[in-house]
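Given next are the chains, with one letter for each unit.
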Amino acid sequence: AQTVTQSQPEMSVQEAETVTLSCTYDTSESDYYLFWYKQPPSRQMILVIRQEAYKQQNATENRFSVNFQKAAKSFSLKISDSQLGDAAMYFCAYRAGGTASKLTFGTGTRLQVTL
Amino acid sequence: DVKVTQSSRYLVKRTGEKVFLECVQDMDHENMFWYRQDPGLGLRLIYFSYDVKMKEKGDIPEGYSVSREKKERFSLILESASTNQTSMYLCASSLWGPLYFGEGSWLTVV
């Protein structure tokens, strides 16, 4: 079974600084997707960034980027120029390829952004 | 934009009651999912469905059932609610790739 591990329950970053959230996963599949979701206090899950396993290039979305290390099964999220609105729970998630597959989540990292 | 709507945002039910949580999506997605979210445990999959009238058990199906009579609608049913089912319930839909989530339903069982 696939597992996703987020070893940092809480992180803190100062406004305008950079922070990296860690995620590792375990799978025997070769075709899969990885995601980072953000959950602000409103509880709405928002997709931050996605990475297809077959792509060697790391995904980037504005201030958010990932460091995808396929051999190490590591998928970290880097947030640059942190803003107060980035404060939220961040979940790493894995999905095997194919349409009828589920998303497996890590336990989340709570990010605080301080002035 | 994908819209996933959960019918009830906050519910309070009594132990033993039958509870229905409804979810509707407007993007003709094949797959729909029910997760529950608890502090320190992340999101755990209860059931998912990849087609009308099809369902698959997730990681924690005990005490729950589901219904998918129409493609756009996926219902979660608690046959006899118990206090350990007090939680946040999240519905999601997808084709492939990412899931799109509703706003969540907070259920308190007293």
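One can find the structure itself at the top, above this paragraph.
Residues numbered from 1 in each chain as written. Chains lettered and ligands numbered in written order. Predicted model: local features only at pLDDT ≥ 70, side-chain atom pairs only at ≥ 80, totals over all residues. Heavy atoms only, no water.

A. Quick peek at the overall build of chain A. Counting secondary structure elements, chain A contains 0 helices and 12 strands. N-terminal to C-terminal, the α/β element order of chain A is β-β-β-β-β-β-β-β-β-β-β-β. Relative to the compact-globule value of 13 Å for 115 residues, chain A shows a C-alpha radius of gyration of 14 Å, a close match. Judged by the C-alpha coordinates and their principal axes, chain A covers about 40 × 25 × 20 Å. Counting the 115 residues in chain A, one finds 48% classified as buried. Total accessible area on chain A is roughly 5,600 Å²; 45% of this is exposed by carbon and sulfur atoms. (Helix = DSSP H or I, 4+ residues; strand = E, 2+ residues; numbered from the N terminus. Rg over C-alpha atoms; globule rule 2.2 N^0.38 Å. Buried < 20%, exposed > 50% of the residue type's maximum accessible area, 1.4 Å probe, protein only. Areas by Shrake-Rupley, 256 points an atom, 1.4 Å probe, with all protein chains shown as cover.)

B. Structural view of the state of the cysteines. In the structure shown here, the tally under the stated rule is 2 disulfides over all chains. In this model, Cys23 of chain A is linked to Cys92 of chain A through a disulfide, with the two sulfur atoms separated by 2.0 Å. Judged by the sign of its S-S torsion, about -70 degrees, the bond between Cys23 of chain A and Cys92 of chain A is left-handed. Highlighted residues: Cys23 of chain A in the loop between β3 (19-21) and β4 (24-26) and Cys92 of chain A in strand β10 (residues 88-96), separated in sequence by 69 residues. Using a relative accessible area of 0% as the deciding quantity, one classes Cys92 of chain A as buried. What pairs with Cys23 of chain B in a disulfide is Cys91 of chain B, and their sulfur atoms sit 1.9 Å apart. (Disulfide = S-S within 2.5 Å.)

C. Spatial organisation of the sheet that holds strand β8 (residues 73-78) of chain B. Residue and element names in this part refer to chain B. Across the sheet, 4 strands lie side by side as β1-β3-β8-β7; this open sheet has antiparallel pairing. At either end of the open sheet lies a strand with only one pairing partner, and these are β1 (4-6) and β7 (65-70). Across this sheet, the average inter-strand angle for adjacent strands is 20 degrees, counted without regard to direction. Note: strand β3 (residues 19-25) against β8, 6 bridges, orientation antiparallel. Following the sheet pairing, Glu22 is matched in β8 by Ser75. (Pairing = 2+ DSSP bridges. Axes fitted to C-alpha atoms, helices over the stretch in contact; angles between N-to-C directions.)

D. Structural context of the interface of chain B and chain A. With 26 residues of chain B at the contact, the number on the chain A side is 20 residues. Among the residues chain B hides against chain A, the three largest losses belong to Trp96, Pro98 and Phe101 of chain B. Together they make up 25% of the total. Counting across the interface, chain B meets chain A through 1 salt bridge. Asp59 of chain B is the partner of Lys102 of chain A in a salt bridge, and the nearest nitrogen-oxygen pair spans 3.0 Å. Linking chain B with chain A are 8 residue pairs in polar contact (both at pLDDT 80 or more), by the criterion used here. Breaking the side of chain B that touches chain A down by element, the ones donating at least two residues are β4 (31-38), β5 (42-49), β9 (87-94) and β10 (100-101) of chain B. (Contact = heavy atoms within 4.5 Å. Buried area = accessible area lost by both parts, 1.4 Å probe. Salt bridge = Lys/Arg side-chain N within 4 Å of Asp/Glu carboxyl O. Polar contact = N/O pair within 3.5 Å; in protein donor to acceptor, adjacent residues only side chain to side chain.)

E. Geometry of unusual backbone geometry. Residue and element names in this part refer to chain A. Phi is positive for Ala16, close to 80 degrees, though the residue is something other than glycine. With respect to the secondary-structure elements, Ala16 resides in the loop between β2 (10-14) and β3. One non-glycine residue, Asp81, lies in positive phi territory at about 50 degrees. With respect to the helices and strands, Asp81 occurs in the loop between β9 (74-79) and β10.

F. Quick look at the packing of aromatic side chains. Using the criterion set out here, one finds 16 aromatic pairs over all chains in the structure. Ring plane angle 50 degrees and centroid distance 6.2 Å describe the contact between Tyr35 of chain B and Phe101 of chain B, whose orientation is recorded as tilted. One end of the pair, Tyr35 of chain B, is in strand β4; the other, Phe101 of chain B, is in strand β10, with 66 residues separating them in the sequence. Exposure remark for Tyr35 of chain B: the relative accessible area of 0% places this residue in the buried category. Ring pairs connect the aromatic residues Tyr33, Phe35, Tyr37, Phe91 and Phe105 of chain A together with Phe33, Tyr35, Phe48 and Phe101 of chain B, which therefore count as one cluster. (Phe/Tyr/Trp six-rings, centres within 6.5 Å; stacked < 30°, edge-to-face > 60°.)

G. Summary view of the nonpolar core. Of all hydrophobic cores here, the largest spans 26 residues; its most connected members are Tyr25, Trp36, Phe75, Leu77 and Tyr90 of chain A. Among the secondary structure elements, those contributing two or more residues to this core are β3, β5 (32-39), β6 (46-52), β8 (64-69), β9, β10 and β12 (109-114) of chain A. Here this core takes 5 residues from β10 of chain A, the largest share from any one element. The contacts of Leu77 of chain A, once residues within four sequence positions are left out, are Val19, Thr20, Leu21, Trp36, Ile49, Phe64, Ser65, Val66 and Tyr90 of chain A. In this structure, Leu11, Met32, Leu78 and Leu107 of chain B belong to the second largest nonpolar core, which totals 20 residues. (Core = buried A, V, L, I, M, F, W, Y, C linked by side-chain atoms within 4.5 Å.)

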